[in-house]
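# Results of the structural survey
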Amino acid sequence: MVHETCDCQQYRSHCNARSHTTHCLFLDGSTGPRKTTPSSYMIIPRHTSACFCQTSTLSRLLILQSCSQIQECRSIELPLAGEIQIAIRSTGICGSDVSYFKKFANGDLCACQPLSLGHESSGVVVAIGPQVTGFTIGDRVALEVGVPCGQCGICRKGRYNLCKKMRFRSSAKSFPHFQGTLQERINHPAVWCHKLPSHISFDAAALLEPLSVAIHALNRAKPEPGATALVMGAGTVGLLTAAMAQESGCSAVTICDVDQGRVDYALEHGFATHGYVVPRPLHPSSSSSSVVSGISTPGADGAMTPASSILSTLDSRLEGARTLAHDILAVSSSSCSPSVEDVSVHDDEHSPNIDTNNVQDGEEDDEGVDIAFECTGKEVCMHTALYATKPGGKVIMVGMGTPIQTLPMSVPHLREVDILGIFRYANTYATGIRLLSASKRLKQALKGPSGKTLVKRGLPSLDNMVTHRFKGLHRSREAFELASRTVDDEGRLVLKVVIEA
Ligand SMILES: [Zn+2]
Ligand SMILES: [Zn+2]
Ligand SMILES: [Zn+2]
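For every chain, the first residue of the written sequence is number 1, and numbering continues from 1 along that sequence. Note on labels: chains are lettered from A, ligands numbered from 1, in written order. Only residues with pLDDT of at least 70 are given local features in this predicted model, and only at 80 or more are side-chain atom pairs given and counted; all residues enter the totals for whole chains, interfaces and linings. Note: side-chain values were computed over all heavy atoms of the structure, leaving out hydrogens and water.

Within the chain one finds 13 helices and 22 strands. Residues are treated as being in contact if the distance between any of their heavy atoms lies within 4.5 Å. Considering only contacts within the chain whose residues lie at least 6 apart along the sequence, 68% involve residues at least 24 apart. Only the protein chains shown count as cover for residues, and the accessible areas themselves come from Shrake-Rupley with a 1.4 Å probe. When the accessible surface of the chain is summed, it comes to about 21,500 Å², and 52% of that surface belongs to carbon and sulfur atoms. Only DSSP runs of H or I reaching four residues or more are called helices, and only runs of E reaching two or more are called strands; each is numbered from the N terminus.

Within the first shell, the zinc ion (ligand 2) binds the protein through Cys149 (SG), Cys152 (SG), Cys155 (SG) and Cys163 (SG), at distances of 2.3 Å. Any nitrogen, oxygen or sulfur atom within 2.8 Å of a metal ion counts as a donor, with the limit raised to 3.2 Å for Na, K and Ca, and since water is left out, coordination shells can look unfinished. Written as a sequence motif, the donor residues of the zinc ion (ligand 2) are C-x2-C-x2-C-x7-C. One end of the pair, Cys152, is in the loop between β10 (146-147) and α3 (153-156); the other, Cys163, is in the loop between α3 and β11 (167-168), and 11 residues separate them in sequence. Owing to a relative accessible area of 6%, Cys163 belongs among the buried residues under this scheme. For each residue, the accessible area found with a 1.4 Å probe, counting protein chains only, is set against the maximum for its type, and the residue is called buried under 20%, exposed over 50%, and partly exposed in between.

Burial analysis of strand β8 (residues 120-128) places 9 of its 9 residues in the buried class, which makes it a mostly covered element. Two strands pair when backbone bridges link them, and strand β5 (residues 83-92) and β8 are joined in this way by 8 bridges, in the antiparallel orientation. Of the residues in β8, the one forming a bridge with Ala87 is Val124. The pairing of β8 with strand β9 (residues 140-143) spans 3 bridges and is antiparallel. Bridging from a neighbouring strand, Gly123 pairs with Val141 of β9. Pairing between two strands is assigned when DSSP locates at least 2 bridges connecting them.

Turning next to helix α2 (residues 95-103). Judged by how many residues are buried, α2 sits mostly within the fold: 7 of 9 residues are covered. Residues of α2 that are buried: Gly95, Ser96, Asp97, Val98, Ser99, Tyr100 and Phe101. Residues of α2 that are buried sit in contact with β3 (57-65), β4 (68-76), β5, β6 (105-106), β7 (109-110) and α13 (476-483).

Take the pattern of salt bridges next. Put simply, a salt bridge is a Lys or Arg side-chain nitrogen that is within 4 Å of an Asp or Glu carboxyl oxygen. Under the defined criterion, the tally for this structure stands at 15 salt bridges. A salt bridge links Asp139 to Lys195, with the shortest nitrogen-to-oxygen separation between them at 3.6 Å. Here the residue Asp139 occupies a position in the loop between β8 and β9, and Lys195 occupies one in strand β13 (residues 193-195), the gap between them amounting to 56 residues. Taking relative accessible area as the criterion, Asp139 reaches 15% and is therefore assigned buried. Notably, a salt bridge pairs Glu490 with Arg492, separated by 3.4 Å at the nearest N-O pair. For Glu490, a relative accessible area of 59% puts it in the exposed group. Three or more residues are tied together by salt bridges with common partners; here these are Asp203, Arg469, Lys471 and Glu500.

Confidence along the chain averages 80 in pLDDT terms, with 72% of residues attaining 70 or more. Here residues 1-54 scores under 50 on pLDDT; set against residues more than four positions off or in separate chains, the count is 97 contacts. By definition, pLDDT measures how confident the predictor is in each residue, and it falls between 0 and 100. Contacts from residues 337-365, a stretch scored under 50 in pLDDT, to residues over four places away or in other chains number 51 contacts.

The next subject is the packing of α2 against α13. Inter-axis angles, ranging from 0 to 180 degrees, are taken between N-to-C directions of lines fitted to C-alpha atoms, where helices are fitted over the stretch in contact. Running from N to C, α2 and α13 point in directions that differ by 115°, and their axes come no closer than 10 Å. The orientation of α2 relative to α13 falls into the category roughly perpendicular. Note that α2 runs across α13; the crossing there is left-handed. Side by side, α2 and α13 meet where Asp97, Val98 and Phe101 of the first sit next to Arg477, Phe480, Glu481 and Ala483 of the second. Working rule for angles: under 35 degrees goes down as roughly parallel, over 145 as roughly antiparallel, 65 to 115 as roughly perpendicular, anything else as oblique. What makes a crossing left-handed is the near helix being turned counterclockwise from the far one by less than a right angle; a clockwise turn instead makes it right-handed.

This part takes up the pairing of strand β19 (residues 389-397). Where strand β18 (residues 369-374) and β19 come together, 5 bridges link them in parallel fashion. Within β19, the residue paired with Ile371 across the bridge is Lys394. For crossovers, right-handed means that the path from the first strand over the helix to the second runs clockwise, given strands pointing away from the viewer. Taking the sense of rotation as the criterion, the β-α-β connection linking β18, helix α10 (residues 379-388) and β19 turns out right-handed. Two elements, β19 and strand β20 (residues 418-421), share 4 bridges in a ladder whose sense is parallel. Counterpart to Ile396 in the pairing with β20 is Leu420.

Okay, structure coming up:
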């Protein structure tokens, strides 16, 4: 189709080119020329090097200035060489977004210019820049929002997540800041866009970003078949890490959180095989209490201000973590799965310091999980993870938020426990898309005549992890406020909040 035969009036009024190819994407998803009313289509010229087109599209975006988020309309240029333009359809809100939203900072990273948020995103290709192959207008894609330099030593080794020149959307780490995806349209390098099969929803595709963190954590942990795992924290990343641990061959996966609703969710939906609800502090004035507080679940690169433990001295804090580890392991080793340790049992029947639940007293060297994933960023959870890991095991640091921690290093030292750090992810999207496709197909195939799933295998559905959806950028304030809570006004669990276009 050439310019002259296109019935798109808007295109003609903006474009000076005489003979380049155009693609019109209609709102119903079809492409090509046809008779229609001007309001029912968007005009998408395919930009080529021969094109002198002046067309730029207006795109709304949310921009955070200090602590107020305002909506702006800016024109967006056609994609440059190697880029495609994406109409964003779904963006999940991460702990780091909430932190910028509230404080204009994330941990010790302060935004120093207006910043738009959002980095868990999916959308539809609406324009294609020069020198891009393999994409068609209308393709559904997930965005990998971290763009590394691709040239340096660590990039050439494939560990591009560690590239010093990495630009990551919605993070204030690079300057000028690489803007987030809470925009109607963005131009993004085509090599960092991943095509989606039609049966993966935009919401599930947005969750590929936190799923990538979990995949990367398991790639680093390399569990042996039948290994046991502990996951501290049942937020999005903790849940996905637990699911990936099972997917990677772990036979028993215990998940812990202070929030009963999240632990119940993990067990009901098959994310974990065992659950433990960490008791909240009952007597804040008592320094001998073994209970801990402050487990929360920031996202992949999320950083939250650590809640201070109610325990004052290091010795008593460590003693509390050791007791907690024993209590968790007692639940992990129970055969009646799934099981949720009832908090009230601890509170009513036992003194918190007496570890009556530990059936393995006296065999301390043998107890413990093979791999512990710390997904909260809290020091007390790192202590607990170290105590709960068996000799020769691994502790994987996934959660962020406490840059300087005091750890009992003799525990990993004398028992040869490997501590591995996790920073975002690399080379994970293809795996994530394959897993989402497979779990969807498997569940359909395994549905019996009654419609009930016969065998539970593959990843749990990510669609129902999205507990709250807000339509339109103008509802972002509500979305961000809800994303910082664990239950909504009706008392329902809040896991992942998304903003849909
Ligand atoms: Zn043009
Ligand atoms: Zn690099
Ligand atoms: Zn994140």
